[in-house]
Amino acid sequence: MAVLKVKFTKTKRDKLAQILWILNWVSVVSGIILFSLGLFLKIEIKKRNEVMAKGDINSVPNMLISVGVIACIINFLGGKICYDCSDANKFSRWKLVMLPYIVCTFCFTFCILVGALMCYTMRNELEESLYLGLRDAIKFYKDTDIPGRCFLKKTVDMLQIGFRCCGNNGFRDWFEIQWVSPRYLNMASKEVLDRLKSNIDGKFLVDGVPFSCCNPSSPRPCIQYQLTNNSAHYNYDFLTEELNIWMKGCREALLDYYTGIMRSIGIAALLIWLFELSVLIGVRYLQTAMKNVLLLGDLEGESDGWLLENSFVETAKYNINIIKNLGKANQISTVSGMNDPNINVQNTDCDKTNITTKSIPATR
């Protein structure tokens, strides 16, 4: 029994073909939108590539870009097919192409759905990438004289200023590393030498943060050194007073930023998926209706169109059987008693007495 069977007159078939022709061109635009969203996300990730560890975070933008390109190609072809389907004679040349086209389009729409869902599921991968990348960037903040790392100080400073954040998880991350370059340390100072000797690794650690952590909106001048020393500042209590530096960590700030972008892209991709799915359903109805017209032989008469020729269960069983039987053709069974009939064929009883022989005339 056919699923969702609908009866179409010639007028309805023509209108459906015209509507689908227009919608396929709209789908080309949606493909361009998907491509643009993927390209935008890839550029945004590329901007902060220095503070991200290498991983699979580019899989989402790459997939959106690929799906967008494929959408333009498939929907352009679909527009041509639907335009020709308004004429039964022209449909004949697309008759064998339409079913593979529908199958390919179905797989393509599924890829759009996967891309949309990936926008919501890659948060963990992005968080790990940001954590590792920011950890290394902060670690090499002081290496302004080393090639390959000299740009990290500016990158981290601009990141903290732009996203109003400090450190990886928070401002205390700066207490655990030496972020002051050795070239700016006065080795003749007893205080500097004592700090270097007091650390096992010989690092100059201070309870301070770079200037880029300062909040310019604070009415008080920025306190970026000796943050935990109340006696070092007038009318200051580290435990009770709100500090005038950014409290949010950069990992959290960047994660919120990219999550917002991917959530918006995910919603757009889901809407495009629903639109593409509706166009695909329309093309399926058009294909079955035109196919039945040709079978009936009355090009002006009514015809039935459906989504599936059989029920969902029967269709599933049929496709599963096809998959199971793939590759079994032309194979020689090795099971005992199942030898190839072309091997070890016994000769039939050809009695020579049954063969009529002709005598050879004697020469004279």
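Please read these numbers as outputs of a predicted model, since none were measured by experiment.

Enquirer: Mind showing me how you'd approach the nonpolar core here?
Expert: Most often, soluble globular proteins have nonpolar side chains that are buried together. Counting residues in each nonpolar core, the largest one holds 80 residues, and the members touching the most others are Leu-126, Phe-171, Trp-174 and Val-209. Counting residues per element, the ones that place at least two in this core are helix 1 (10–47), helix 2 (59–84), helix 4 (95–121), helix 5 (123–139), helix 6 (152–163), helix 7 (190–198) and helix 8 (250–296). The leading source of residues in this core is helix 8, at 18 residues. Discounting residues that sit within four places of it in the chain, Phe-171 has contacts with Cys-166, Val-209, Leu-227, Phe-238, Leu-243, Ile-245, Trp-246 and Met-247.

Enquirer: Quick question: what am I supposed to make of the UniProt feature "transmembrane region" (unreviewed entry) in the protein here?
Expert: According to UniProt, the positions carrying the feature "transmembrane region" (unreviewed entry) are residues 20–40, 60–78, 98–120 and 265–286. Annotated as 100% helix and 0% strand, the span residues 98–120 places its first and last C-alpha atoms 34 Å apart.

Enquirer: Just to check I follow, could you spell out the confidence of the model for the protein for this structure?
Expert: Detailed conclusions should not be drawn from predicted coordinates in areas where pLDDT is low. Counting all residues, the mean pLDDT for the protein is 81, and 84% of those residues have values of 70 or more. Per-element confidence in the protein ranges from a low mean pLDDT of 67 for helix 9 (residues 312–325) to a high of 94 for helix 6. Throughout residues 332–345 the model reports pLDDT below 50, and contacts reaching past four residues in sequence, or to other chains, amount to two contacts. The model gives residues 350–364 a pLDDT under 50, and that stretch makes zero contacts with residues more than four places away or in other chains.

Reading the values: rules and limits
- Residues numbered from 1 in each chain as written.
- Predicted model: local features only at pLDDT ≥ 70, side-chain atom pairs only at ≥ 80, totals over all residues.
- Heavy atoms only, no water.
- Core = buried A, V, L, I, M, F, W, Y, C linked by side-chain atoms within 4.5 Å.
- Buried < 20%, exposed > 50% of the residue type's maximum accessible area, 1.4 Å probe, protein only.
- Helix = DSSP H or I, 4+ residues; strand = E, 2+ residues; numbered from the N terminus.
- Contact = heavy atoms within 4.5 Å.
- UniProt positions renumbered as here; feature names shortened; annotations may be inferred.
- pLDDT = per-residue confidence, 0-100.

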